[in-house]
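Each chain, written out:
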Amino acid sequence: MSASARRVPGETRARPNFIWRHLIEPYLYISPALVLIALVMVVPLVIGLSYAFQSVVLLRPSAGGWVGLANFAQLWGDARFWRALNNTFWWTFGSLVFQFAFGLGLALLLNTQFAGKRLVQALVFLPWAVPTFLTALTWSWLFNPVIGPLPHWLAALGILSEPFNILGDPALAMWGPITANVWFGIPFFAITLLAALQSIPGELYEAAEIDGATPWQAFVKITLPFLAPMIAITVMLRTIWIANFADLIFVMTGGGPANSTQILSSYIFTTAFRKLDFGYASALAIALLSLLLAYAVVLLALRRRFVRI
Amino acid sequence: MKKSVGLAALVGLLMSTAAYAETLKLVEVITSPERTEVLKGMVEEFKKANPGTEVEIVSLPWGQAFEKLATMVAGGDIPDVVEMPDRWAALYAGSGQLMSLEDNIAKWQYGGNLTQKTLDMGRLAGGKAYMLPYGFYLRAMFYNKKLLAEAGVANPPATMEEFMAASAAVSKLPGKSGYCLRGGPGGLNGWIMMAATMNGTNEFFTADGKSRINEPGSVAGLQFLIDMYQKGYAPKDSVSWGFNEIVAGFYSGTCAFLDQDPDALIAVQERMKPEDFAVAPMPLGSAGKAFPTIGFAGWSIFNTTKSPDKAWALVAALSAPDANATWAKRVGVIPIHKGAEQDPFFRTPQFAGWFEELNSDKYVPTTMPTYLEQFGYFADSIALETSQQALLGDMTAQELADEWAAFLTEEYGKWKAKQ
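None of these values were measured; they are calculated from a predicted model. (Residues numbered from 1 in each chain as written. Chains lettered and ligands numbered in written order. Predicted model: local features only at pLDDT ≥ 70, side-chain atom pairs only at ≥ 80, totals over all residues. Heavy atoms only, no water.)

Trainee: Requested: an account of the overall build of chain A, with residues and values cited.
Mentor: For chain A, the helix and strand inventory stands at 13 helices and two strands. Here the C-alpha atoms of chain A give a radius of gyration of 27 Å, more than 25% beyond the 19 Å that 2.2 N^0.38 yields for 309 residues. Overall, the C-alpha framework of chain A stretches about 95 × 75 × 35 Å when taken along its three principal axes. Scored against the burial criterion, the 309 residues of chain A give a buried share of 39%. Counted over contacts in chain A with a minimum sequence separation of 6, partners at least 24 positions apart contribute 67%. (Helix = DSSP H or I, 4+ residues; strand = E, 2+ residues; numbered from the N terminus. Rg over C-alpha atoms; globule rule 2.2 N^0.38 Å. Buried < 20%, exposed > 50% of the residue type's maximum accessible area, 1.4 Å probe, protein only. Contact = heavy atoms within 4.5 Å.)

What follows is the structure, given as structure tokens:
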């Protein structure tokens, strides 16, 4: 027991140092966590960012050095970068729209009561459990006219002139990985939106029904506003994930034919691990990071503006 | 006291096992389950002959091998012995990471039995034998006898014109195509071969260091493949075909011609009757010559190894005539020792095409300029993208040739500057 703990009766109870209590002590308590976060997140991030301003070629460490903005100047004039950026947009947008539409539909369906609902629910979530590598391989075989049924069905429906592999056609190749990605990504929206749907109070619908609202009005005036916060956050997360998600493309088309399915993240991979140019790859990564950050900021601002809950 | 004695004993034990059980790390990069089994068997033999030496085999799947090995090496997890494909040799030899095997080969009992080609290829990157090749991949033309007969083509094509005409004839059959074109990964060999054959030379660079790929003859060679695809003599999706797809295209009877190495023979023989196909030499160009590409892979030792003698002993064991013959038969390469073609295994009609190419002066085996540091990137990324653009009509043969020439000339300049 220290002497200070035992107070003499009647002693003035002076407030301990204000600076110590409010500015130093709390931060000492959380400092282990701060140090840990700095070590595992900030340090690698800063090192990664710093590569963009250097020449880093993996097998020639001696040739490295600071090059200023040279990597970014190269990026500006790089036709492959602009092409990959354009592809990234279509890949993300195409996958997201269908994933969201089907996911929402499925969630609405699963929110009703029908026989065998539990089984359907389990099946619906299955794609989420399949490794992406396997998903990609399976879909690429499905698109192969020698052994897969899809080209023959598409030809029979008149969508294709003859059964051929769309993965080999630059105008259509992107639809291959997008299809696989839609199949893979529906459960995410279905799960999260179903959870949000189940939290909407039933009385609201009853009241609406008494007031004579049509099902469409109930959907637009009750369901959508209640789902909006969840939609905003899931769409934002999913956009970022899809934009960074090159596994399906890598296995199904390898970015080809003729770069028609190369997206930014697969281009970053090629630059880093085939060209072994980590400096330029890092500059590309910064471009992608900035775009996604800007997107997230815009989406969050929109959410604050339009979503009232 | 007791504690410290126990600790000393433990340290002693650890040190003694470290001294006795020497472990060599062997990385193989062109893998398949069967191939790894063969390698394991050969390594077992080595371990029996060298008690106390352990060998840890790391198998990297070919698709990701390049970046995995590069990352391993950059991260300090450097193997002792590595299977080195020709196209990476310059990268590692150029950065001074490989051990020269010259002295070891000179002292080796089988050193004098190696063919001159083996030694030349081993020295291709960096001038010294930084690898001991284990065999060669030489291109020749597989053809489907049944399809040719149906299309009314009597003999396999001897010239490029006949090749185009025969492909056109087969493509008239419903659902069939002439040529299993490799437009996807690994397609560069085909482009280079056609360019050299039409240009009448397999020199890559002129005396003043310019790439010859955009000379008119070479451009005609590139145009040849573009025509083949655009006229429909190759399947529509062959624009993205890699090795597995072209071989499957051939044995499934989808297309009648396939230019490939002996390693394709393994899969083809399993699925086709010997009387339904054969292998002819590559068709000749206007100069009366053909330039089939020859590729190779071998064993290299990293100079960071702690036991260079043991590592060499392992390479020597894998490369001894008996072991090499076993390996060559199982992985589909042409062996490295003199007199190997006398082996009954290689004296079949299927192998005739390759040995005719090796023995006739009409055929000049062509090595790719793998000594250029960025060659792997050129072959796997730049050439792949741009050749697909050309096949699809987004780029002319001349534009394709000019783009390649610019890259190769610059890389050659860098290489020259270092010599």
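Don't stop here, the text continues.
Trainee: So what's going on with the overall build of chain B? Which residues, and what values?
Mentor: What chain B contains, in helices and strands, is 17 helices and 10 strands. Relative to its length of 419 residues, chain B is compact, with a C-alpha radius of gyration of 23 Å against a globular reference of 22 Å. Structurally, chain B occupies a C-alpha span of about 90 × 50 × 40 Å along its principal axes. Per-residue burial over chain B gives 55% buried out of 419 residues. Sequence-distant contacts in chain B: of pairs separated by 6 or more residues, those separated by 24 or more amount to 76%. Charge separation in chain B, taken as the distance between the mean sites of 36 positive and 47 negative side-chain charges, equals 4 Å. (Lys, Arg positive; Asp, Glu negative; His and termini not counted. Charge placed at Lys NZ, Arg CZ, Asp CG, Glu CD.)

Trainee: A description of the packing of aromatic side chains should follow, citing residues and the corresponding values.
Mentor: All names here are of chain A. This model, assessed by the stated rule, comprises 45 aromatic pairs over all chains. Arranged with centres 5.4 Å apart and planes meeting at 40°, the rings of Phe-53 and Phe-72 form a pair that is tilted. With Phe-53 in the loop between helix H1 (18–51) and strand E1 (54–55) and Phe-72 in helix H2 (residues 70–76), this pair connects stretches of sequence that are 19 residues apart. With relative accessibility at 24%, the residue Phe-72 sits in the partly exposed group. For the ring pair Phe-98 and Phe-102, a centre distance of 6.3 Å and an interplane angle of 25° mean the geometry is stacked. Taken as a pair, Phe-98 and Phe-102 lie in helix H3 (residues 79–110) at a separation of four residues, close to a single helical turn. (Phe/Tyr/Trp six-rings, centres within 6.5 Å; stacked < 30°, edge-to-face > 60°.)

Trainee: I'd love a proper account of the sheet that holds strand E5 (residues 140–144) of chain B, names of residues and values included.
Mentor: All names here are of chain B. Strand order in the open sheet formed by four strands is E6-E7-E5-E8, with mixed pairing between adjacent strands. A single partner strand is all that each edge strand has here, and the edge strands are strand E6 (177–179) and strand E8 (277–280). Ignoring which end each strand starts from, the neighbouring axes of this sheet average 20° apart. Inspection of the sheet shows E6 paired to strand E7 (residues 255–260) by two bridges, in the parallel sense. Bridge assignment links Tyr-179 to a residue of E7, and that residue is Phe-257. Sheet strands in contact with helix H8 (residues 160–171) are E5, E6 and E7, and its direction is about 155° off that of E6. Contacting E5, E7 and E8, helix H15 (residues 349–359) crosses the sheet at an angle of about 5° to E8. (Pairing = 2+ DSSP bridges. Axes fitted to C-alpha atoms, helices over the stretch in contact; angles between N-to-C directions.)

Trainee: Report on the UniProt feature "domain: ABC transmembrane type-1" (unreviewed entry) in chain A, specifying residues and quantitative values.
Mentor: When the UniProt feature table is mapped onto this chain, "domain: ABC transmembrane type-1" (unreviewed entry) is found at residues 85–301 of chain A. Within the segment residues 85–301 of chain A, helix and strand shares are 73% and 0% respectively, and the terminal C-alpha atoms sit 24 Å apart. (UniProt positions renumbered as here; feature names shortened; annotations may be inferred.)

Trainee: An account of the pairing of E8(B) is requested, with residue identities and associated values reported.
Mentor: Residues and elements named next belong to chain B. By the alternation rule, side chains of E8 split into Phe-277 and Val-279 and Ala-278 and Ala-280, which are all buried. Both E5 and E8 contribute to a ladder of four bridges, which runs antiparallel. Bridging across to E8, Met-141 finds its partner in Ala-280.

Trainee: Can you lay out the packing of helix H13 (residues 308–319) of chain B against helix H14 (residues 321–331) of chain B for me, pointing to particular residues and giving the numbers?
Mentor: All names here are of chain B. Relative orientation of the contacting elements H13 and H14 amounts to 65°, with a least axis distance of 5 Å. Each of Ala-317, Leu-318 and Ser-319 in H13 lies in contact with H14, whose residues at this interface are Pro-321, Ala-323 and Asn-324. Of the residues belonging to the contact of H13 with H14, the class tally is four nonpolar, two polar and no charged. (Nonpolar A, V, L, I, M, F, W, Y, C, P; charged D, E, K, R; others polar.)

Trainee: Could you give an account of the interface of chain B and chain A, naming the residues involved and the relevant values?
Mentor: Accessible area lost when the parts come together is the quantity often used to give the size of an interface. Of the residues lining the interface, 25 residues belong to chain B; the matching set on chain A comes to 24 residues. At the junction of chain B and chain A, the tally comes to three salt bridges. Listing elements by their share of the side of chain B that touches chain A, those giving two or more residues are helix H3 (62–74), helix H4 (86–94) and helix H16 (375–391) of chain B. At seven residues, the largest contribution of residues to the side of chain B that touches chain A is made by H16(B). (Salt bridge = Lys/Arg side-chain N within 4 Å of Asp/Glu carboxyl O.)

Trainee: Describe the environment of B:Ala74, listing the residues and the values that go with them.
Mentor: Here B:Ala74 shows up in helix H3. Between the C-alpha atom of B:Ala74 and that of B:Ala316, which follows or precedes it by 242 residues, the distance is 27 Å.

Trainee: How would you summarise the state of the cysteines if you had to cite specific residues and measurements?
Mentor: All names here are of chain B. For the structure shown, the criterion picks out one disulfide over all chains. Bridging Cys-180 to Cys-255, the disulfide has an S-S length of 2.1 Å. Taking the sign of the S-S torsion, about 95° here, the bridge from Cys-180 to Cys-255 comes out right-handed. With Cys-180 in the loop between E6 and helix H9 (188–199) and Cys-255 in strand E7, this residue pair connects regions lying 75 residues apart in the sequence. (Disulfide = S-S within 2.5 Å.)

Trainee: How would you explain the side chain of B:Thr366 if you had to name every residue and give the values?
Mentor: All names here are of chain B. Along the chain, Thr-366 falls in strand E10 (residues 366–367). A distance of 3.1 Å separates the side chain of Thr-366 from the side chain of Asn-202, its partner in a polar contact. Residues within four places of Thr-366 in sequence aside, it is in contact with Asn-202, Phe-204, Phe-291, Pro-292, Thr-293 and Ile-294. (Polar contact = N/O pair within 3.5 Å; in protein donor to acceptor, adjacent residues only side chain to side chain.)

Trainee: Give a description of the UniProt feature "transmembrane region" (unreviewed entry) in chain A that names residues and reports values.
Mentor: All names here are of chain A. Taken from the UniProt record, the annotation "transmembrane region" (unreviewed entry) applies to residues 27–53, 89–110, 122–143, 172–197, 218–243 and 278–302. In this annotation, residues 172–197 is assigned 88% helix and 0% strand; the end-to-end C-alpha distance for the span is 36 Å. With 100% helix and 0% strand, the stretch residues 278–302 has end C-alpha atoms that lie 36 Å from each other.

Trainee: Mind laying out the confidence of the model for chain A, listing which residues take part and the relevant values?
Mentor: Mean pLDDT over chain A: 87, with 92% of residues reaching 70 or higher. The least confident element of chain A, judged by mean pLDDT, is strand E2 (residues 65–66) of chain A at 84; the most confident is H3(A) at 94. (pLDDT = per-residue confidence, 0-100.)

Trainee: An account of a nonpolar patch on the surface is requested, with residue identities and associated values reported.
Mentor: Taken together, the side chains of A:Val35, A:Ile37, A:Leu39, A:Val40, A:Met41, A:Val42, A:Val43, A:Val46, A:Ile47 and A:Tyr51 define a hydrophobic patch exposed on the protein surface, amounting to about 890 Å² of accessible area. Looking at where A:Val35 falls in the secondary structure, it is placed in helix H1. (Patch = residues over 30% accessible without salt bridge, like charges linked within 9 Å, V, L, I, M, F, W, Y side chains within 5 Å. Areas by Shrake-Rupley, 256 points an atom, 1.4 Å probe, with all protein chains shown as cover.)

Trainee: How would you sum up the domain arrangement of chain B? Please name residues and give values.
Mentor: All names here are of chain B. According to the domain assignment, chain B consists of domain 1 (22–137 + 295–349) and domain 2 (140–291 + 372–418). Its C-alpha centre places domain 1 at a distance of 29 Å from the equivalent point of domain 2. At the surface where domain 1 touches domain 2, the tally comes to one salt bridge. For Asp-380, the salt bridge identified is with Arg-87, shortest N-O distance 2.7 Å. For the pair domain 1 and domain 2, the number of links is two residue pairs in polar contact (both at pLDDT 80 or more). Of all the secondary-structure elements, those providing two or more residues to the side of domain 1 that touches domain 2 are H4 and H14. Among the elements that line the side of domain 1 that touches domain 2, the one with the most residues is H4, at four residues. When grouped by side-chain class, the residues that make up the side of domain 1 that touches domain 2 number six nonpolar, two polar and two charged. (Domains from an automatic or database assignment.)

Trainee: Please set out the nonpolar core residue by residue, giving values where relevant.
Mentor: Membership of the largest hydrophobic core comes to 144 residues, with the highest contact counts inside it found for B:Tyr92 and B:Phe142. Two domains each donate at least three residues to this core, and these are domain 1 (22–137 + 295–349) and domain 2 (140–291 + 372–418) of chain B. Membership of the second largest hydrophobic core comes to 41 residues, among which are A:Ile178, A:Ile200, A:Ile242 and A:Ile249. (Core = buried A, V, L, I, M, F, W, Y, C linked by side-chain atoms within 4.5 Å.)

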